[in-house]
Amino acid sequence: MAFRRSFAGRTLAISALLLVLIHAGHCFYLPGVAPEDFQKGDTLKVKVNKLTSTKTQLPYSYYSLPYSRPEKIVDSAENLGEVLRGDRIENSPYVFKMREPQMCNVVERVILDAKSAKEFKEKINDEYRVNMILDNLPLVVSTRRVDQESPTVYQLGFVVGLKGQFAGSKGEKYFIHNHLAFTVKFHRDLQTDSARIVGFEVKPFSVKHEYEGKWDGKNRLTTCDPHAKHAVVNSNSPQEVEEKKEIIFTYDVDFEESDVKWASRWDAYLLMSDDQIHWFSIVNSLMIVLFLSGMVAMIMLRTLYRDISKYNELETQEEAQEETGWKLVHGDVFRTPNNSDLLCVYVGTGVQFFGMILVTMIFAILGFLSPSNRGGLMTAMLLLWVFMGLFAGYTSARLYKMFKGTEWKRIAFRTAVMFPAIVSAIFFVLNALIWGQKSSGAVPFGTMFALIFLWFGISVPLVFVGGYVGFKKPAIEDPVKTNKIPRQIPEQAWYMNPAFSILIGGILPFGAVFIELFFILTSIWLNQFYYIFGFLFLVFTILIVTCAEITVVLCYFQLCSEDYLWWWRSYLTSGSSALYLFLYATFYFFTKLEITKLVSAIFYFGYMLIASYAFFVLTGTIGFYACFLFTRLIYSSVKID
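This one's a predicted model, so the numbers in the text were calculated from it and none came from an experiment. (Residues numbered from 1 in each chain as written. Predicted model: local features only at pLDDT ≥ 70, side-chain atom pairs only at ≥ 80, totals over all residues. Heavy atoms only, no water.)

Q: What is the right way to look at the state of the cysteines in this model?
A: Linking two cysteines covalently through their sulfur atoms gives a disulfide. Counted according to the given criterion, the structure contains two disulfides. A sulfur-sulfur distance of 2.1 Å marks the disulfide that ties Cys104 to Cys224. On the criterion of sequence distance, the pair formed by Cys104 in strand β3 (residues 102-111) and Cys224 in the loop between β12 (195-205) and β13 (246-257) is long-range, its members being 120 residues apart. Considered together, Cys104 and Cys224 belong to a single accessibility category, that of buried residues. At a sulfur-sulfur separation of 2.5 Å, the disulfide partner of Cys555 is Cys627. Since a negative S-S torsion denotes a left-handed disulfide, the Cys555-Cys627 link at about 60° is right-handed. Highlighted residues: Cys555 in helix α14 (residues 533-560) and Cys627 in helix α17 (residues 598-636), separated in sequence by 72 residues. As far as the burial class goes, Cys555 and Cys627 line up, both buried. Counting its disulfide-bonded cysteines in sequence order, the chain shows a connectivity of 1-2, 3-4. (Disulfide = S-S within 2.5 Å. Helix = DSSP H or I, 4+ residues; strand = E, 2+ residues; numbered from the N terminus. Buried < 20%, exposed > 50% of the residue type's maximum accessible area, 1.4 Å probe, protein only.)

Q: What's the story with the pattern of salt bridges in this structure? I'm lost.
A: Side-chain pairs of opposite charge can arise where the charged atoms are in close proximity. Following the criterion strictly, the structure yields 19 salt bridges and no others. For Glu122, the salt bridge goes to Lys118, with nearest N and O atoms at 2.7 Å. Taken together, the positions of Glu122 and Lys118, both in helix α3 (residues 114-125) and four residues apart, correspond to about one turn of that helix. What makes Lys118 exposed here is its relative accessible area of 52%. Salt-bridge contacts for Asp332 lead to Arg335; the nearest nitrogen and oxygen are separated by 2.6 Å. Judged by relative accessible area, which is 2%, Asp332 ranks as buried. Three or more residues joined by partner-sharing salt bridges are found here, namely Arg99, Arg188, Asp193 and Glu257. (Salt bridge = Lys/Arg side-chain N within 4 Å of Asp/Glu carboxyl O.)

Q: I'm lost on the side chain of Thr250 in this one. Help?
A: Relative to the elements of secondary structure, Thr250 occurs in strand β13. Among the polar contacts listed, one links the side chain of Thr250 to the side chain of His179, at a separation of 2.6 Å. Apart from the residues lying within four places of it in its own chain, the contact partners of Thr250 are Asn105, Val106, Val107, Asn178, His179, Leu180, His209 and Leu221. (Polar contact = N/O pair within 3.5 Å; in protein donor to acceptor, adjacent residues only side chain to side chain. Contact = heavy atoms within 4.5 Å.)

Q: Explanation requested: the environment of Gly505 in the structure shown.
A: Looking at where Gly505 falls in the secondary structure, it is placed in helix α12 (residues 498-505). Of the residues examined, Gly505 reaches a relative accessible area of 0% and is grouped as buried. Once the C-alpha coordinates of Gly505 and Ile550 are considered, the two residues, 45 residues apart in sequence, prove to be 6.3 Å apart. Gly505 has contacts with Ile550, Leu554, Thr573 and Ser576, leaving out every residue within four places of it along the chain.

Q: Would you explain the packing of α14 against helix α15 (residues 567-575) in this entry?
A: The axes of two packed helices give the description: the angle between them and the distance between them. Two numbers describe how α14 lies on α15: the axes approach to 9 Å, and their chain directions differ by 135°. It follows that α14 is oblique to α15 by the angle criterion. The chirality of how α14 crosses α15 is right-handed. Facing α14, whose interface residues are Cys547, Thr551, Leu554 and Gln558, α15 presents Arg569, Ser570, Thr573 and Ser574. A per-class count over the contact of α14 with α15 returns two nonpolar, five polar and one charged. (Axes fitted to C-alpha atoms, helices over the stretch in contact; angles between N-to-C directions. Parallel < 35°, antiparallel > 145°, perpendicular 65-115°, else oblique. Left-handed = near helix turned anticlockwise from the far one by under 90°. Nonpolar A, V, L, I, M, F, W, Y, C, P; charged D, E, K, R; others polar.)

Below, the structure written as structure tokens:
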């Protein structure tokens with residue numbers, strides 16, 4: 001009894017926590033790393049990450065540019081998700097002392113050659129940003145909006161440089177940010193005097209440094225002198241990027257005490273100032289759901305109840321033949337569809353996707369996939385996809401046996417291989433293009449091998465295990481017998497044309513999610529944080545309900561028209577929302593992104609094609625199962641002699 005009470009208590013506590021998190025629309029997080037305490041004078045080592053650009057979408061290693069390097073470059077251990085994201089975390093020559101401000105530290109003096117100048121100009125032209133990390137916090141540039149009372153906006157990293165003109169000149173010049181004014185925010189423990197880092201900001205400047213005499217590495221700069229307390233505060237005399245130009249890289253570091261505690265240090269990065277838009281999205285989606293729910297309720301409670309009662313009261317076969325509508329196709333409604341094997345494969349893959357997304361969202365809501373754990377979300381999704389192969393095999397085999405299939409191993413193999421093979425083919429082509437651009441976004445061969453091992457070493461065997469268990473189960477029995485001779489389908493009205501009804505069916509599921517989709521695309525392609533999984537879980541729930549209801553409504557209308565070929569149409573009806581997703585992605589590309597390179601455009605559309613295909617499989621499976629349960633429910637209620 002004590003065990004039951006404790007178990008019930010834990011269940012209630014978890015349920016209450018989920019409700020609170022979803023109600024809030026955003027969530028807390030469990031930190032991805034343990035806090036580190038620093039005493040005054042402790043060494044702080046800044047790490048550098050990839051260079052990113054929203055114009056090219058191609059990340060590059062920090063040291064792909066001729067920046068100053070430490071004596072030995074050391075790569076940090078990266079997880080699978082980080083590698084796939086193109087993260088390349090390495091050490092840097094930037095070293096601080098905790099709570100000991102520094103002014104005008106010279107990192108290196110560089111004389112640009114033609115190649116270096118060209119590389120800097122290309123990155124400045126493509127608006128590349130430099131990303132750095134201190135104590136697992138990303139470097140940000142803070143900008144405060146003067147005209148609004150909104151909170152400070154943070155942008156990840158600082159731009160490599162800027163384009164501009166000197167006063168009185170016509171030609172456009174390139175200027176590099178060679179002076180960095182870092183601010184490290186810390187929260188101090190009054191008892192131990194130790195401190196934890198809670199913020200890492202920078203103000204980049206372009207300064208043409210000047211000094212007296214010949215450079216020997218020990219010269220005092222006249223443009224930035226710690227002895228005279230002369231700090232860099234503007235870029236009025238910028239450093240031009242040209243061949244044979246001298247560039248001196250310098251930095252300041254200041255320490256600022258903060259009231260923000262370590263556990264809340266990510267809140268500023270994840271702060272959403274547009275919650276109202278998300279609530280508008282939820283309300284918009286709920287209106288669609290209520291409309292569809294009303295239609296489903298009308299069908300189920302009024303029409304179906306009346307039809308079933310009337311049909312069951314018929315006394316003779318002649319009276320039954322005079323009836324029209326869905327009752328007449330009872331002898332054909334469960335007839336095995338064309339390409340039933342392929343349908344089994346797609347439904348199994350859809351179940352695999354559904355399980356992956358559902359578990360991922362639960363983990364994310366509970367905070368296990370915090371942004372502090374870089375690459376954690378992608379790693380979790382990949383691993384969950386692999387282990388959900390068990391359910392994919394089980395589902396496809398169960399459906400296959402219902403269709404009187406006997407070769408379950410063939411279905412299991414196709415389920416394990418078909419979707420990943422299509423995605424892998426697109427992925428390999430995109431990866432080859434990225435490799436040709438020498439981008440760090442290209443997946444290394446070692447990671448490729450790891451992905452192939454996950455696929456064939458774990459996922460495929462699990463699909464076969466699921467298939468074996470599913471096929472051993474008794475076959476699902478149809479509620480009514482199927483006639484030997486197929487019934488002729490009468491001519492359909494224009495609005496019941498399969499192509500038309502399928503395309504119409506995809507509009508509402510897409511309409512339920514398209515506002516949230518904008519924020520997800522912005523997160524992916526404009527390098528912004530997306531951490532509002534409470535909202536996303538609500539939208540995902542609404543998507544499930546919408547897909548199920550629109551498919552049931554259209555399936556009912558189809559059966560009333562004496563068209564019993566519902567199997568594939570139920571899958572395609574809700575699955576067609578993927579077409580609208582891809583069209584929206586195309587609209588987003590031309591209206592929100594500034595991509596100009598052909599390779600970057602192919603990269604974008606290639607990955608959005610994969611995302612749309614996955615969305616098709618997910619929504620199609622939801623619609624199929626809704627229609628499957630609906631038909632079994634209504635035909636099991638009819639008395640058949």
